[in-house]
Amino acid sequence: MTGATSSTASEDSTASTGRAAFAASLPESTTAGAYLGECGTVRSTNIAQVQPDPGGADRESGIHKVPVDHLEVFAPGPNYGDGSGVVGDFVGDSAHHGGADKAVYAFAREELDFWSGQHSDALPENTERFPDGYFGDNLTTEDVDWTRAVIGQQVRVGEALLEVSVPRQPCRTFGGWLDIRGWMRIFTQHADCGCYFRVVEPGVIRPGDAIEFLPAPDHGVTMQQAFKAKMGDKELAALVVEAQCLPPHHHDQLVKLLR
């Protein structure tokens, strides 16, 4: 893949249309309010294939993940630099990644397909779509719209119990890996960041495992709302701050944004 370029405002319109079509394709119970019960499955479980950082930093990167037959997940230490919550995985940027609140990362297969259509010139050689794990996802899922997950909502996946934690913010490594001009802006405008989890109960997750959503917290703040707040939307930042649903470090960043 070489030097893919971004489109104009028409791409943003297409992104909105794509999201509406995806939401309409889901079962009715998953498009109104928070998820509850079994909604979707794990398509692929993935761990890092370590390589030099594609964003140009002098370190290795674990952004490229490849399928394995299962994941064993656990709760790492509380801080950035405390590593992945997946046995055998790798975190390169220890200043901004790893630790309990970014233990496991999920991304929808439907979103990978959407971006494949939008940026076919950025696809790896001899592929027709971005492979499972290509966006750094430990869990590639089907039939779940992660924008609707509620911060703090617990999710049973295989043997493990996970908890929706914080948004993913696009970084230079992510942009360099895809080699799409303006990628951080494009990804931010589309506003589906996938989902980071903390691990409440460790266990093994396999492809084909059901994803079961437990009752959502009453505050109702979704992953998409938290993502937009973190990316600078002050109205949503005020909502998230009032809910006090993010970990202290992330909460304090939004408080500072509102000053």
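It should be noted that the structure appears before, not after, this text.
Here goes a summary of the coordinates provided. (Residues numbered from 1 in each chain as written. Predicted model: local features only at pLDDT ≥ 70, side-chain atom pairs only at ≥ 80, totals over all residues. Heavy atoms only, no water.)

### Points about the pairing of strand β8 (residues 154–157)
Only one face of β8 is buried: it carries V155 and V157, and the other face, with Q154 and R156, is open. Pairing geometry for β8 and strand β9 (residues 160–164), over four bridges, is antiparallel. In the sheet register, R156 faces β9, and the bridge partner there is L161. Following β8, the chain reverses through two residues before pairing antiparallel with β9; G158 in that reversal takes a positive phi of roughly 60°. Across three bridges, the pairing between β8 and strand β12 (residues 210–213) is antiparallel. Residue pairing in the sheet places V157 in a bridge with I211 of β12. (Buried < 20%, exposed > 50% of the residue type's maximum accessible area, 1.4 Å probe, protein only. Helix = DSSP H or I, 4+ residues; strand = E, 2+ residues; numbered from the N terminus. Pairing = 2+ DSSP bridges.)

### Thoughts on the nonpolar core
Grouped together as the largest cluster of nonpolar side chains are 61 residues, with contacts concentrated most on F135 and W146. Counting residues per element, this core draws most heavily on strand β6 (residues 104–108), which supplies five residues. Aside from chain neighbours lying at most four places away, what touches W146 is A106, F107, A108, T141, D192, G194, C195, F197, I211, F213 and M223. (Core = buried A, V, L, I, M, F, W, Y, C linked by side-chain atoms within 4.5 Å. Contact = heavy atoms within 4.5 Å.)

### Regarding unusual backbone geometry
Even without being glycine, D143 reaches a positive phi, approximately 65°. Assignment of secondary structure puts D143 in the loop between β7 (139–142) and β8. The phi dihedral of D179 falls on the positive side, at around 60°, and the residue is not glycine. Examined against the element boundaries, D179 turns out to sit in the loop between α3 (172–178) and α4 (183–190).

### Examining the pattern of salt bridges
Applying the stated criterion to the full structure yields ten salt bridges. With its nearest N and O atoms 3.2 Å apart, the salt bridge here joins R43 to E142. With R43 in strand β1 (residues 37–48) and E142 in strand β7, the pair connects residues that are 99 residues apart, well separated along the chain. For E142, a relative accessible area of 27% corresponds to the partly exposed category. The salt bridge partner of E163 is R198, with a shortest N-O separation of 2.7 Å. Separated by 35 residues along the polypeptide, E163 in strand β9 and R198 in strand β10 (residues 195–201) bring together distant segments of the chain. Classification of E163 as buried rests on a relative accessible area of 16%. On the accessibility criterion, R198 (18% relative accessible area) is buried. A network of salt bridges, in which partner residues are shared, links R43, R109, D113, R129, D132 and E142. (Salt bridge = Lys/Arg side-chain N within 4 Å of Asp/Glu carboxyl O.)

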